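# What the coordinates show
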Amino acid sequence: MSLYQVQKLIYQLNRDPRTRQRYAEERDAVLGDYDLTPEEVGALEKPDIGLLYVLGVNGQLLMHFAALHRIEWTDYLDRMRQGLKAYGPVREGVYAATGYEGIDAHDARLKAERETR
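Procedures and definitions
- Residues numbered from 1 in each chain as written.
- Predicted model: local features only at pLDDT ≥ 70, side-chain atom pairs only at ≥ 80, totals over all residues.
- Heavy atoms only, no water.
- Helix = DSSP H or I, 4+ residues; strand = E, 2+ residues; numbered from the N terminus.
- Buried < 20%, exposed > 50% of the residue type's maximum accessible area, 1.4 Å probe, protein only.
- Contact = heavy atoms within 4.5 Å.
- Areas by Shrake-Rupley, 256 points an atom, 1.4 Å probe, with all protein chains shown as cover.
- Phe/Tyr/Trp six-rings, centres within 6.5 Å; stacked < 30°, edge-to-face > 60°.
- Axes fitted to C-alpha atoms, helices over the stretch in contact; angles between N-to-C directions.
- Parallel < 35°, antiparallel > 145°, perpendicular 65-115°, else oblique.
- Left-handed = near helix turned anticlockwise from the far one by under 90°.
- Nonpolar A, V, L, I, M, F, W, Y, C, P; charged D, E, K, R; others polar.
- Salt bridge = Lys/Arg side-chain N within 4 Å of Asp/Glu carboxyl O.

## Describing the overall build of the protein chain
The helix and strand tally for the protein chain stands at nine helices and zero strands. On the principal axes, the C-alpha backbone points of the protein chain span a range of 55 × 30 × 20 Å. When the 117 residues of the protein chain are sorted by exposure, 37% land in the buried category. Taking all contacts inside the protein chain whose residues are at least 6 apart in sequence as the whole, residues at least 24 apart take part in 58%. About 7100 Å² of surface is accessible on the protein chain, with carbon and sulfur atoms providing 49% of the total.

## Considering unusual backbone geometry
Look at the link from Lys46 to Pro47: it is a cis peptide, with omega at -15 degrees. Non-glycine residue Arg70 carries a positive phi angle of around 60 degrees.

## Remarks on the packing of aromatic side chains
Going through the model one piece at a time under the given rule, you end up with one aromatic pair. Aromatic side chains Trp73 and Tyr76 sit 5.3 Å apart centroid to centroid with 35 degrees between the ring planes, which places their arrangement in the tilted category. Here Trp73 and its partner Tyr76 are both found in helix H7 (residues 73–87), three residues apart, which amounts to about one turn of the helix. Since its relative accessible area comes to 4%, Tyr76 is described here as buried.

## Some points on the packing of helix H1 (residues 3–15) against helix H6 (residues 59–68)
Packed helices, taken two at a time, are described by the angle between their axes plus the distance between the axes. Contact pair H1 / H6: the axes reach a minimum separation of 9 Å and the direction vectors enclose 55 degrees. Classed by the angle they form, the pair H1 and H6 counts as oblique. The chirality of how H1 crosses H6 is left-handed. Between H1 and H6, the residues in contact are Gln7, Ile10, Tyr11, Leu13 and Asn14 and Leu61, His64, Phe65 and Leu68, respectively. Within the contact of H1 with H6, the residues separate by chemical class into six nonpolar, three polar and no charged.

## Considering the pattern of salt bridges
One pass over the structure, following the stated rule, counts six salt bridges. Among the ionic pairs, Arg18 bridges to Asp16, the shortest N-O distance being 3.6 Å. Looking at Asp16, the relative accessible area reads 15%, which means it is buried. One salt bridge in this structure joins Asp33 and Arg22, with 2.7 Å as the shortest N-O distance. Placement of the pair is Asp33 in the loop between helix H3 (27–32) and helix H4 (38–45) and Arg22 in helix H2 (residues 17–25), with a sequence separation of 11 residues. Here Arg22 falls in the partly exposed class, since its relative accessible area comes to 30%. One network of salt bridges, in which partners are shared, links Arg22, Glu26 and Asp33.

In structure tokens, the structure reads:
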């Protein structure tokens, strides 16, 4: 996977109006400028916020990418939750490094901890 390349592209889209314009006019060419897997390209094109989150895209980058696609804040959060359910735990990046096990497992662990007190 090429998480760095996905995040680099999203960063450019978030920060550079020329990149956004080019992305709107010739998306395939812009995507071709980055070393992306077919799964990453599909997630970017859709955009599949849940899959991008599971792939490890940083939330600070991802929230602006979602806003670029006119995805409201609550919908953005829900799409990340649904991504965890559909695709499993975060695969790479800072969220994977923290050991976060996903919503259901996290809730179950917290419940079990409360019950043992």
